[in-house]
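The chain contents come next:
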There are 2 protein chains.
Amino acid sequence: VHVADRLVEAVRAAGSVACVGLDPRPGLVPPVLRDEALAVYGDTAVGVAAAFVRYNAGIIDAVAGRCACVKLQSACYEAYGAAGWQAMEDTVAIARDAEVVVIVDAKRGDMGASTTHYRQAFFGGAPGLRETTPVMPGAGADWLTASPYQGSDTILELLGEPGDHGVFVLASTSNPSSDEVQGAVLDRVATLVERWGRDRLGGAGFSDVGAVVGANRAEDARRLRQAMPTTFFLVPGYGTQGADPLDALAGARPDGSGVVVNNSRQLLGAWQAGDPAQWQAAVADALTAMNEALPVA
Amino acid sequence: VHVADRLVEAVRAAGSVACVGLDPRPGLVPPVLRDEALAVYGDTAVGVAAAFVRYNAGIIDAVAGRCACVKLQSACYEAYGAAGWQAMEDTVAIARDAEVVVIVDAKRGDMGASTTHYRQAFFGGAPGLRETTPVMPGAGADWLTASPYQGSDTILELLGEPGDHGVFVLASTSNPSSDEVQGAVLDRVATLVERWGRDRLGGAGFSDVGAVVGANRAEDARRLRQAMPTTFFLVPGYGTQGADPLDALAGARPDGSGVVVNNSRQLLGAWQAGDPAQWQAAVADALTAMNEALPVA
């Protein structure tokens, strides 16, 4: 099944546009999981990684079937080196077992052979020492975020067969300084994204080349939707980053499709306002509130 | 010592502007090391990682003191997951023990807390589960490559105290499609890079905010040098990517300083033209030839 069709179907089946941001930090891990990991591993990178996987597993259990997808911020894992990377891969595997669509938000961008290696890292296929078999599995992501800064070389090489996996290209990000460079090239990037995805459409009319458009960039989102009618939008910056629900959906098609909205802190940190022992219920309730605020058309 | 001063001193002491690209792939590993790793680990990611570390250690041994620095292409390691990441960290540690300046070419770019996590991943300082101690060491890089696409948020947060470590910002990359997006923002990026580094100069007159300028972009390099007089240039695309030695040095200051030139394939693959058992000597000879082609002024 085309990767964009799977995302469209996940939104429909869950009745949710929510993308659950699995961006763990030690301060967000509930005390019970933190103490378990400390007891077994001490205060080490392996201990942090173990706590992250346990926390993510509980979150995935609480949200599977009620969200569109999950998104792992790669930086949170890389901060803990090899152990952190393993925690990222383990989390992806848990999500896939739960049949949840997985985005890895690693914002990669490079050229030539390096891009091939990034494709292998996140989608699999790196050669072994014999260069034939075995082929390494990679992190197992469905979608990867990527930077368009180095142009077509980067994006086309990340893509495999149409629909096998997808790339969300940074278009208009939600951070305060995003306009400094992106502002001058937004139309150019939109043209490129549309061109890259043109012959790669799934049955629902979306390609495997998506775009990242911040929830606080509603004006850009409406303009980009005109320029990129077949592009799925990944919308960060909702929740604690403060965007309005209507703004978060500004890039949707007239029928409401084509958008998933990421929320990390508001979901992962929800337990901090109540009983820490009930952290899974807190995540589930926060997702329910988000789904009510952002109804699927 | 300011990170830019250490790089200037490394160029002077070695009499070399060469940046040795540690970009291993299974096909570049000499047969003796490949067979050793296969015997111990089989054809697994751990085996590939072990072979990469052995190969890198031999290369570092052959080039230490005769090159300006080494550069690890992060993608080559990430393709092998957690084992690959560990190989990257182990390689950085070996280079540091040999007192070689280390650039990690990971082209990271993100915003806010995510950028903090990337800083921690490559320069250290991630918190443990107790959020106070211990602090994680990170990969131990001296310099990291980064994308300016999300603007000041990204770069300023990657930097710590002036001179502790440095960032090479992608300005004009060497790939065929680099002009598609970068072409429209090159002057803007140059202005930003100069501004970011302005108050962060070392004693030799270079800041800890460098720029990546492809060897095949000599015209850009000359223009950027005017706009960025205190910026160190990292120059990829020399060697098998086909740039002329004079072009590779086009961004140097009038006194010849301010540039390191990366070469990976021509050095790492040098053994393939001769006796594979003499692979270390082949790397050393290829570096000698590069140093002769690119004399330090």
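These numbers were taken from a predicted model, which means no experiment stands behind them.

Asker: How should I be thinking about the overall build of chain A in this particular structure?
Answerer: Of regular secondary structure, chain A possesses 13 helices and eight strands. In terms of overall dimensions, chain A is globule-like: its C-alpha atoms have a radius of gyration of 19 Å, near the 19 Å expected for 297 residues. Projecting the C-alpha coordinates of chain A onto the three principal axes gives extents of approximately 55 × 55 × 35 Å. Counting every position in chain A, which comprises 297 residues, the buried fraction comes to 64%. Restricting to contacts in chain A with at least 6 residues of sequence separation, those with at least 24 account for 72%. For chain A, the accessible area works out to roughly 10100 Å², and carbon and sulfur atoms hold 50% of it. Once the 22 positive and 34 negative side-chain charges of chain A are each reduced to a mean point, those two points are 3 Å apart.

Asker: How do you make sense of the packing of helix α3 (residues 45–63) of chain B against helix α5 (residues 81–97) of chain B when you look at a structure like this?
Answerer: The relative placement of two packed helices is expressed as an angle between their axes plus a distance between the axes. Residue and element names in this part refer to chain B. Where α3 contacts α5, the axes come no closer than 9 Å and their chain directions differ by 15°. Classified by the angle between their axes, α3 and α5 sit roughly parallel to one another. α5 is crossed by α3, and the crossing has right-handed handedness. Contacts between α3 and α5 involve Ala45, Val46, Ala49, Val53, Asn56, Ala57 and Ile60 from the former and Ala83, Gly84, Ala87, Asp90, Thr91, Ile94 and Ala95 from the latter. Here the residues of the contact of α3 with α5 sort into 10 nonpolar, three polar and one charged.

Asker: Where do I start with the relation of the copies chain B and chain A in this structure?
Answerer: One copy of the chain maps onto the other through a rotation about an axis plus a displacement along that axis. By a simple turn and slide, chain B fits onto chain A: the slide is 0.0 Å along the axis, the RMSD is 0.0 Å, and the turn is 180°. Taken together, these values place the two copies in the relation of a two-fold axis. Relative to the rotation axis, the closest C-alpha in chain B is found at alanine 82 of chain B, a distance of 2.2 Å. Comparing contact sets, 100% of the residues at the interface of chain B also lie at the interface in chain A, consistent with an isologous, same-surface contact.

Asker: Help me understand the pairing of strand β5 (residues 166–172) of chain A in this model?
Answerer: Two faces belong to every sheet, and in a regular strand the side chains alternate between them. All names here are of chain A. Summarising burial for β5: seven of the seven residues are buried, a large majority. Both strand β4 (residues 143–146) and β5 contribute to a ladder of four bridges, which runs parallel. For threonine 145, the partnering residue across the bridge sits in β5 and is phenylalanine 168. Viewed along the sheet, the connection from β4 through helix α7 (residues 152–158) into β5 turns out right-handed. Of the pairings in the sheet, the one linking β5 to strand β6 (residues 209–213) comprises five bridges and is parallel in character. Paired with valine 169 across the strands is alanine 211, a residue of β6.

Asker: Looking at this structure, I do not really get the sheet that holds strand β7 (residues 233–235) of chain B. What am I missing?
Answerer: Through backbone hydrogen bonds, the strands of a sheet pair up, either in parallel or in antiparallel fashion. Residue and element names in this part refer to chain B. Strand order in the closed barrel formed by eight strands is β1-β2-β3-β4-β5-β6-β7-β8, with parallel pairing between adjacent strands. When the angles between neighbouring strand axes are averaged without regard to direction, this sheet yields 30°. Two elements, strand β3 (residues 102–108) and strand β4 (residues 143–146), share three bridges in a ladder whose sense is parallel. Pairing of arginine 108 across the sheet is with alanine 146, part of β4. Contacts from helix α9 (residues 186–197) reach β5 (166–172) and β6 (209–213) within the one sheet, and its direction differs from that of β5 by about 165°.

Asker: Would you mind going over the nonpolar core with me for this structure?
Answerer: One recurring pattern in soluble globular proteins is that nonpolar side chains are buried together. Formed by 220 residues in total, the largest nonpolar core has its most connected members in Phe122 of chain A together with Phe122 of chain B. Ignoring any residue separated from it by four or fewer positions in sequence, one finds phenylalanine 122 of chain A in contact with Trp85, Met88, Val104, Ala106, Arg108, Ala139, Gly140, Ala141 and Leu144 of chain A together with Glu78 of chain B.

Asker: It is not clear to me how the interface of chain B and chain A should be interpreted in this structure. Could you clarify?
Answerer: Reports often express the size of an interface as the amount of accessible area lost when the parts come together. Contact residues are listed per partner, giving 72 residues for chain B and 72 residues for chain A. Interface of chain B and chain A: buried area, both sides summed, is about 5800 Å²; carbon and sulfur atoms make up 59% of it. Summed over the three residues of chain B that lose the most area to chain A, namely Asp43, Leu129 and Tyr149 of chain B, the buried surface amounts to 17% of that side. The tally of links between chain B and chain A comes to four salt bridges. A salt bridge links aspartate 110 of chain B to lysine 107 of chain A; the shortest N-O distance between them is 2.9 Å.

Asker: Is there a simple way to explain the environment of histidine 165 of chain A in this structure?
Answerer: Residues and elements named next belong to chain A. One can find histidine 165 in the loop between α7 and β5. Judged by relative accessible area, histidine 165 falls into the buried class, the value being 10%. With 89 residues separating them in the primary sequence, histidine 165 and proline 254 have C-alpha atoms 26 Å apart. When neighbours within four sequence positions are excluded, histidine 165 is seen to be in contact with Val3, Arg119, Phe123, Asp142, Leu158, Leu159, Gly160 and Asp208. Polar side-chain contacts of histidine 165 include one of 3.4 Å to the backbone nitrogen of glycine 160.

Asker: Mind showing me how you'd approach the sheet that holds strand β8 (residues 259–263) of chain A here?
Answerer: All names here are of chain A. Overall, parallel pairing links the eight strands, which are arranged β1-β2-β3-β4-β5-β6-β7-β8 in a closed barrel. Shown here is a sheet whose adjacent strand axes are inclined to one another by a mean of 30°, direction ignored. As judged from the three bridges shared by strand β1 (residues 18–22) and β8, these two strands associate in the parallel manner. Across the sheet, residue alanine 18 finds its bridge partner in β8, namely valine 261. The sheet strands contacting helix α6 (residues 112–123) are β3 (102–108), β4 and β5, and the helix crosses β3 at an angle near 155°. Lying on the sheet, helix α9 (residues 186–197) is in contact with β5 and β6; it crosses β5 at an angle near 165°.

Asker: Mind showing me how you'd approach the packing of aromatic side chains here?
Answerer: By convention here, two paired aromatic rings are described through the distance between centres and the angle between planes. Enumeration according to the criterion identifies 14 aromatic pairs over all chains in this entry. Note on phenylalanine 52 of chain A and tyrosine 80 of chain A: the rings are 5.6 Å apart at their centroids and 90° apart in plane angle, and the pair reads as edge-to-face. Separated by 28 residues along the polypeptide, phenylalanine 52 of chain A in helix α3 (residues 45–63) and tyrosine 80 of chain A in the loop between α4 (74–78) and α5 (81–97) bring together distant segments of the chain. Its relative accessible area of 1% is what places phenylalanine 52 of chain A among the buried residues. Overall, tyrosine 80 of chain A belongs to the buried group, its relative accessible area being 6%. For the ring pair tryptophan 143 of chain A and phenylalanine 168 of chain A, a centre distance of 4.4 Å and an interplane angle of 25° mean the geometry is stacked. Taken together, the positions of tryptophan 143 of chain A in strand β4 and phenylalanine 168 of chain A in strand β5 put the pair 25 residues apart, joining distant regions of the chain. The exposure class assigned to phenylalanine 168 of chain A is buried, which follows from its relative accessible area of 0%. A network of ring pairs unites the aromatic residues Trp85 and Phe122 of chain A together with Trp85 and Phe122 of chain B as a single cluster. In this structure, arginine 253 of chain A packs its charged tip against the face of phenylalanine 206 of chain A, placed 3.9 Å from the ring centre.

Asker: Please explain the packing of α9 of chain A against helix α10 (residues 218–227) of chain A as it appears in this structure.
Answerer: All names here are of chain A. Between α9 and α10, the shortest axis-to-axis distance is 10 Å and the interhelical angle comes to 40°. For the element pair α9 / α10, the angle class is oblique. Here the hand of the crossing between α9 and α10 comes out right-handed. Across the interface between the two elements, Leu186, Asp187, Ala190 and Glu194 from α9 touch Asp220, Arg223, Leu224 and Ala227 from α10. Taken together, the residues that form the contact of α9 with α10 break down as four nonpolar, no polar and four charged.

Analysis parameters
- Residues numbered from 1 in each chain as written.
- Chains lettered and ligands numbered in written order.
- Predicted model: local features only at pLDDT ≥ 70, side-chain atom pairs only at ≥ 80, totals over all residues.
- Heavy atoms only, no water.
- Helix = DSSP H or I, 4+ residues; strand = E, 2+ residues; numbered from the N terminus.
- Rg over C-alpha atoms; globule rule 2.2 N^0.38 Å.
- Buried < 20%, exposed > 50% of the residue type's maximum accessible area, 1.4 Å probe, protein only.
- Contact = heavy atoms within 4.5 Å.
- Areas by Shrake-Rupley, 256 points an atom, 1.4 Å probe, with all protein chains shown as cover.
- Lys, Arg positive; Asp, Glu negative; His and termini not counted.
- Charge placed at Lys NZ, Arg CZ, Asp CG, Glu CD.
- Axes fitted to C-alpha atoms, helices over the stretch in contact; angles between N-to-C directions.
- Parallel < 35°, antiparallel > 145°, perpendicular 65-115°, else oblique.
- Left-handed = near helix turned anticlockwise from the far one by under 90°.
- Nonpolar A, V, L, I, M, F, W, Y, C, P; charged D, E, K, R; others polar.
- Least-squares fit on C-alpha atoms with pLDDT ≥ 70 in both.
- Pairing = 2+ DSSP bridges.
- Right-handed = clockwise from strand over helix to strand, strands pointing away.
- Core = buried A, V, L, I, M, F, W, Y, C linked by side-chain atoms within 4.5 Å.
- Buried area = accessible area lost by both parts, 1.4 Å probe.
- Salt bridge = Lys/Arg side-chain N within 4 Å of Asp/Glu carboxyl O.
- Polar contact = N/O pair within 3.5 Å; in protein donor to acceptor, adjacent residues only side chain to side chain.
- Phe/Tyr/Trp six-rings, centres within 6.5 Å; stacked < 30°, edge-to-face > 60°.
- Lys NZ or Arg CZ within 6 Å of the ring centre and 35° of its normal.

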